[in-house]
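Observations on the model geometry
Chain by chain, the residues run as shown.
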Amino acid sequence: MLLPDPFIKAVEAYAKPVEDEAARKNILDHHLNSTPLFSYASAIEHYQTIKGKEILSSGCSSGGFVSMFLEKGATRAYGVETDPALVNLARLRFAGTEWESQVQIDSCSGEVLPYPDDTFDIISSLHVMEHTQDNGLYLSEIFRVLKPGGILFLEIPNRYFRKEQHTQIPYIHYLPMRFRKWVTGCITKTFLAQKVTPGFLHRLNLMTNLHFPSPAQLMDMVSALSSHYDLKMEDAFYHIPGKANFRQEITPYLIGPHKKMNSFRMVVRKLENKAIKPVKTGEDTHAQWQKLTGYNSYQEALDSCPSEVLKQAVRKHLKPMEGQREYDNTLFSYIDYSRFVQWSKEIEPYFSFPGKRILSSGCGTGGCLYAFLEKGAEHASGIEVESHLVDFAKLRFEDSEFANQVDIRLYSGGTLPYDNESFDLVYSMHVLEHTEDNEEYLREHLRVLKPGGLLFLEVPNRYFVLEQHVHLRYIHWLSKQWRNRLIPVFLSPPFTWLLSEDRRNRMRGMIDFNLPSPAQLMDLMEELKEDYPLEREDAFFHNPSKLKFKPTRFPYLVGKQRKQLSFRIIFKKRPGD
């Protein structure tokens, strides 16, 4: 295939920032020369004909694998990739070519594929699985979208091989992830960092979060999935690309000839004529995404945002995060408003939006305000303590049909900048725990609530095992005094080397954190009844990801309530008192 000039120029621009000349040449060769990939096509055709088939390349990079399949006669070729820069390159590779109509490149994680069941005849995954967060979920999603009779052609680095193949450091991939992070932190935060190139440091940081399954573990995963899908192992062997194979029993031991093979290849066929119930986790994850957002992928959700100026501003703000694991989720959380559409639906059993005035406390980038106005609210006000979020929220409405119906203000705490009894609904989702004084916060929000108005409030469930901002176990069970002593320790060497910048910022935000337990919050609301005529509409433990409501009265650290992420209360300010 003759590569388009815009693609070649984009690849050159992509490689230009790399200072090391040899590394830059390797990048150019990797993206511009697809000839070495054809050996994979030949290997795949040993098990399944490519011509006339629909094929998915999981982790398609800049589209070289997709191009290879099309040249071999595939009817249609798809690619998924998480790196936005590579997605852009892959799309440029085919823009304006004869194959443009036969290609679809999607930006999404391999754990949640935006395709219906039984879509593809062939799925290739070449040195991608180790980069995923959940190896088992990644495989289950692949088999969900694979047609009966289709094959998965998968290759991963051989964990038994002496050298880690991204960094060439001996034995570091033998270590559990926790210890790998400690070792890489030592390298990147000490004088050793001065002795290596920036490209090596990038590969080192990339390797830190890899989930390396051993060949034996991978075989066990496929065996477990066979209880949900009718799978046949066509082949499995240790492999040196272009040189040799080692086909003997897949052993879980770190001895033997297989240690000399740098890769492990597996070919699995999903058999026909046997109805198997889909894997629950993969099916639920994809269904939840569609149910909660109405979109099939992150990219589709991002494309649905009508404000181009907002998207440009957010991408500029997040530029330092590009390439980090948190980038896609952070970008999505700033731009998306679909989750607020779901939350607005959960408010409707208690409240009618048309013609009402609403206050969102901690409005973020204004997604909730947009959802409320779409539901028919007359006016939506938002307060936020972070200035850049206020700027983004205002940009969201700059050219919107709702521009004259919003009021977004920077708020520094204390007295709210509104008159008494101004709003029909006060909405506060996961904000109370960030305030200095829970009681004063609630008093101010009840002051601006109209008689007959509704307070809709949700906080993280303090009984849940994980603290939901930093994902550390039990730290939120401690008193504020002890948390304030412990967190600075985690923010100091050597622990800080194990944390990303995003995780460190989240931990700083937990200093002076005031997270009431559900029982404490209910007691506080009872005290406030002495000054405000309040009537409880509902109170329950809640798991947003599963949309399950688990009412319970138990204030203890045992029982089903520990499995619920959040605690939600709805109180009405009685009219006429």
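The structure contained in this document is the topic of the report that follows. Since this is a predicted model, take the numbers as computed values, not measurements.

With that out of the way, let us pick up a nonpolar patch on the surface. Where nonpolar side chains cluster on the molecular surface, the patch consists of L478, W482, L486 and V489 and spans about 340 Å² of accessible area. Its place among the elements puts V489 in helix 18 (residues 480–490). Take V489: its relative accessible area is 41%, and that puts it in the partly exposed class.

This part is about the pattern of salt bridges. Under the defined criterion, the tally for this structure stands at 19 salt bridges. For R568, the salt bridge goes to E346, with nearest N and O atoms at 2.6 Å. With R568 in strand 16 (residues 566–573) and E346 in helix 14 (residues 338–347), this pair connects stretches of sequence that are 222 residues apart. Neither R568 nor E346 differs from the other in exposure class; each is buried. Measuring nitrogen to oxygen at the nearest pair gives 3.1 Å for the salt bridge that ties E439 to R443. On the criterion of helical spacing, the pair formed by E439 and R443 is a turn pair, its members being four residues apart in helix 17 (residues 438–447). Residue classification places R443 among the partly exposed positions, given a relative accessible area of 22%. Each of D117, E141 and R144 takes part in a single network of salt bridges with overlapping partners.

Turning next to the nonpolar core. L56, Y115, I123, L139, F143, L154 and L218 are the most contacted members of the largest nonpolar core, which has 33 residues in total. Of all the secondary-structure elements, those providing two or more residues to this core are strand 2 (76–81), strand 4 (120–126), helix 6 (135–145), strand 5 (146–157), helix 9 (215–225), strand 6 (231–240) and strand 8 (263–270). The element best represented in this core is helix 6, accounting for five residues. L524, L534, F541 and F567 belong to the second-largest nonpolar core, a separate cluster that totals 30 residues.

Two numbers describe how helix 3 (residues 38–45) lies on helix 4 (residues 64–71): the axes approach to 10 Å, and their chain directions differ by 55°. The orientation of helix 3 with respect to helix 4, classified from their angle, is oblique. Our pair here, helix 3 against helix 4, has a crossing hand that is right-handed. In contact with F38, Y40, A41 and I44 of helix 3, helix 4 contributes F65, M68, F69 and E71.

A few words now on the environment of S124. The residue S124 is located in strand 4 in this model. Using a relative accessible area of 1% as the deciding quantity, one classes S124 as buried. Separated by 69 residues in sequence, S124 and I55 have C-alpha atoms that sit 7.9 Å apart. Among residues more than four places away in sequence, those in contact with S124 are I44, L56, S57, S58, F69 and F153.

The full count for this structure, using the stated rule, is 20 aromatic pairs. Judged by centre distance (5.0 Å) and plane angle (65°), the ring pair of Y337 and Y370 falls under edge-to-face. Here the residue Y337 occupies a position in the loop between helix 13 (327–335) and helix 14, and Y370 occupies one in helix 15 (residues 367–374), the gap between them amounting to 33 residues. Ring plane angle 85° and centroid distance 5.0 Å describe the contact between Y418 and F423, whose orientation is recorded as edge-to-face. Like Y418, the residue F423 is buried in the burial classification. Taken together, the aromatic side chains of Y350, F351, F353, F372, Y427 and F456 make up a single cluster linked through ring pairs.

Here W343 is to be found in helix 14. Assessed through its relative accessible area of 18%, W343 is described here as buried. Measuring from C-alpha to C-alpha, the distance between W343 and M429 comes to 9.7 Å, with 86 residues separating the pair along the chain.

Next up on the list: helix 3. An α-helical turn contains 3.6 residues, so a residue and the one three or four places further along point in the same direction. Buried within helix 3 we find Y40, A41, A43 and I44. Along the axis of helix 3, the buried residues cluster in a sector spanning 160°; they form a single face. On the buried face of helix 3, the contacting elements are helix 4, strand 4, strand 5 and strand 8.

This next bit is on the pairing of strand 2. The buried fraction of strand 2 is high, at five of six residues. In this sheet, strand 2 lies alongside strand 1 (residues 54–58) in parallel orientation, the contact comprising five bridges. Of the residues in strand 2, the one forming a bridge with S57 is G79. What joins strand 1 to strand 2 is helix 4, and the crossover it makes is right-handed. The β-α-β motif built from strand 2, the intervening helix 5 (residues 84–94) and the parallel element strand 3 (residues 103–107) has right-handed crossover chirality.

About the criteria used
Residues numbered from 1 in each chain as written. Predicted model: local features only at pLDDT ≥ 70, side-chain atom pairs only at ≥ 80, totals over all residues. Heavy atoms only, no water. Patch = residues over 30% accessible without salt bridge, like charges linked within 9 Å, V, L, I, M, F, W, Y side chains within 5 Å. Areas by Shrake-Rupley, 256 points an atom, 1.4 Å probe, with all protein chains shown as cover. Salt bridge = Lys/Arg side-chain N within 4 Å of Asp/Glu carboxyl O. Helix = DSSP H or I, 4+ residues; strand = E, 2+ residues; numbered from the N terminus. Buried < 20%, exposed > 50% of the residue type's maximum accessible area, 1.4 Å probe, protein only. Core = buried A, V, L, I, M, F, W, Y, C linked by side-chain atoms within 4.5 Å. Axes fitted to C-alpha atoms, helices over the stretch in contact; angles between N-to-C directions. Parallel < 35°, antiparallel > 145°, perpendicular 65-115°, else oblique. Left-handed = near helix turned anticlockwise from the far one by under 90°. Contact = heavy atoms within 4.5 Å. Phe/Tyr/Trp six-rings, centres within 6.5 Å; stacked < 30°, edge-to-face > 60°. Arc of directions from axis to C-beta. Pairing = 2+ DSSP bridges. Right-handed = clockwise from strand over helix to strand, strands pointing away.

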